[in-house]
Amino acid sequence: MIANLLHTAEPIPTSARAELDTLMQSGDLFRYHADKDAPVTLLEQEFAALLGVKYAVAVSSCSAALFIAMKALGLGNGDKILIPAFTFAAVPSAVVHAGCEPVLVEVGSNYRMDMDDMHQKLDGDIAAILVSHMRGHTSDMDALIAACVERNIPLIEDAAHSLGTTWNGEKIGTIGAVGCFSFQSYKLVNGGEGGILITNDEDIFAQAVIMSGAYEANWSKHQTGANSFAKYQNTLPLYNTRMNNLSATVIRPQLAEVERRAADGLKNHDYLAGKLNASRHIDVPACLPAEHRAPDSLQFNLLDFTDQQAANLVKNCAKHGLKLSIFGLDHDNARVFWNWKFLDGIPDLPKTRAMLMRACDLRLPAALQQTHLDQLADIILGGIEAVTTKA
Ligand SMILES: *Cc1c(COP(=O)(O)O)cnc(C)c1O
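Residues numbered from 1 in each chain as written. Predicted model: local features only at pLDDT ≥ 70, side-chain atom pairs only at ≥ 80, totals over all residues. Heavy atoms only, no water.

### Details of the overall build of the protein chain
Stage number 1. The number of helices and strands found in the protein chain is 14 helices and 14 strands.
Stage number 2. Over its C-alpha atoms the protein chain spans a radius of gyration of 21 Å, differing by no more than 12% from the 21 Å that the globule rule assigns to 391 residues.
Stage number 3. When its C-alpha atoms are laid out on the principal axes, the protein chain stretches across 75 × 55 × 35 Å.
Stage number 4. By the burial criterion, 57% of the 391 residues in the protein chain qualify as buried.
Stage number 5. The long-range fraction of contacts in the protein chain, counting pairs at least 24 apart against all pairs at least 6 apart in sequence, stands at 70%.
Stage number 6. As displayed, the protein chain offers around 16,500 Å² of accessible surface, 51% of which is attributable to carbon and sulfur atoms.
Stage number 7. Considering the protein chain, the positive charge centre built from 32 side chains and the negative charge centre built from 44 side chains are found 5 Å apart. (Helix = DSSP H or I, 4+ residues; strand = E, 2+ residues; numbered from the N terminus. Rg over C-alpha atoms; globule rule 2.2 N^0.38 Å. Buried < 20%, exposed > 50% of the residue type's maximum accessible area, 1.4 Å probe, protein only. Contact = heavy atoms within 4.5 Å. Areas by Shrake-Rupley, 256 points an atom, 1.4 Å probe, with all protein chains shown as cover. Lys, Arg positive; Asp, Glu negative; His and termini not counted. Charge placed at Lys NZ, Arg CZ, Asp CG, Glu CD.)

### Some points on the site of the ligand
Stage number 1. C62, S63, D158, S182 and K187 are the nearest of the 13 residues found near the ligand.
Stage number 2. H161 is positioned with one of its side-chain polar atoms (N or O) 3.2 Å from an oxygen atom of the ligand.
Stage number 3. A total of 380 Å² of accessible area belongs to the ligand in isolation, and the protein chains cover 91% of it.
Stage number 4. Here the shell around the ligand is built from residues that sort into four nonpolar, seven polar and two charged. (Near = heavy atom within 4 Å. Polar contact = N/O pair within 3.5 Å; in protein donor to acceptor, adjacent residues only side chain to side chain. Nonpolar A, V, L, I, M, F, W, Y, C, P; charged D, E, K, R; others polar.)

### Concerning the pairing of strand 5 (residues 155-158)
Stage number 1. Residue alternation in strand 5 divides its side chains into two sets, L155 and E157 and I156 and D158, and both sets are buried.
Stage number 2. Bridge count for strand 4 (residues 126-132) against strand 5 is four bridges, and the pairing is parallel. Residue L130 lies in a different strand from strand 5, and its bridge partner there is I156.
Stage number 3. After leaving strand 4, the chain enters helix 7 (residues 141-151) and then returns to the sheet as strand 5, a path that is right-handed. (Pairing = 2+ DSSP bridges. Right-handed = clockwise from strand over helix to strand, strands pointing away.)

### So, the pattern of salt bridges
Where charged atoms of side chains with opposite charge meet at close range, the side chains can pair.
Stage number 1. Under the definition given, this model contains 16 salt bridges.
Stage number 2. Note that D114 and K351 form a salt bridge whose closest N and O atoms lie 2.6 Å from each other. You can see D114 sitting in the loop between strand 3 (101-105) and helix 6 (115-121) and its partner K351 sitting in helix 13 (residues 350-358), a full 237 residues away along the chain.
Stage number 3. By relative accessible area, which is 12% here, D114 ends up buried.
Stage number 4. With its nearest N and O atoms 2.8 Å apart, the salt bridge here joins K121 to D117. (Salt bridge = Lys/Arg side-chain N within 4 Å of Asp/Glu carboxyl O.)

What follows is the structure, encoded as structure tokens:
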């Protein structure tokens, strides 16, 4: 059934399995055991090289990377941080975890931050912007950078789902002060769990290394010299969000697959988007002109649908073996801001709400073939036809 294909992962490269076996034999699973060349250290070097940045710190998740990033930027004590209102619940959670307060910015029907609302909410109280490139959709980075420069506040990039995406040819995650990526299984590179933080700033790097759990002189196993660490030694909490060597070993050989997966993902996305956009009831929003995407999912909006028709479409697709999700109609969807009840005083965000009530979410693994995409299009377009032509 097609539904099963949407949740399959690619096999872990065989070379990782041989490396894992060696690791199991040695029992050397902790990143700071070996004096040098531990798998986690090598992953950091390789990832920094892949993205073209100076520094990378591997951690246990993207959420941990975001938390450490905020801490390394000196944020906390109730600092207000702008975030888009369309993202995964882990993002406002990381903000709260860092002792900050998220200020939710409207997201438009193209799934990107609404820049008018961003400017309206960007007052003297805002200490940083955390742009979450939700489902790999890139917000206007030129506008965000300009706003941050003008106010002299940092831009943090949640690039969890944006590995392989570029903006004006620059890699997403390298544009802000810090970029954070995820290796959770539903992302482009599958480590089960895991995350990584990248930066070109030596001070942010040194603090992130120590706070991620490099106690005593373990900083010496990272990419830079003693001077940058000396001023932070014993002055920072150790949050212990380290990655272990098993995860790094699973992740490393997949870095060579990023380009292919990104290209296949985009090809699949654009093929299916073309078929769906032919329907007058569907809009797959175009990406921004500066953006080159690496999607592994597809989102589309239902046009002029009632709640009842939208619910009927979900039922109709389910009948044909496809679990189509409409964010706002799902029970307890963690990507829907009104379900973030751990936040105080969630504002009304009519634009984001309207989008969430009509936006469909479909996973699209890079390994899908054209026949699968045709099958998906047939189910969705057939469903649309069935619920919009009433006797
Ligand atoms: C998956 C995801 C996260 C969370 O990543 P974890 O590694 O699971 O913590 C955050 N933001 C976005 C946009 C994501 O897709």
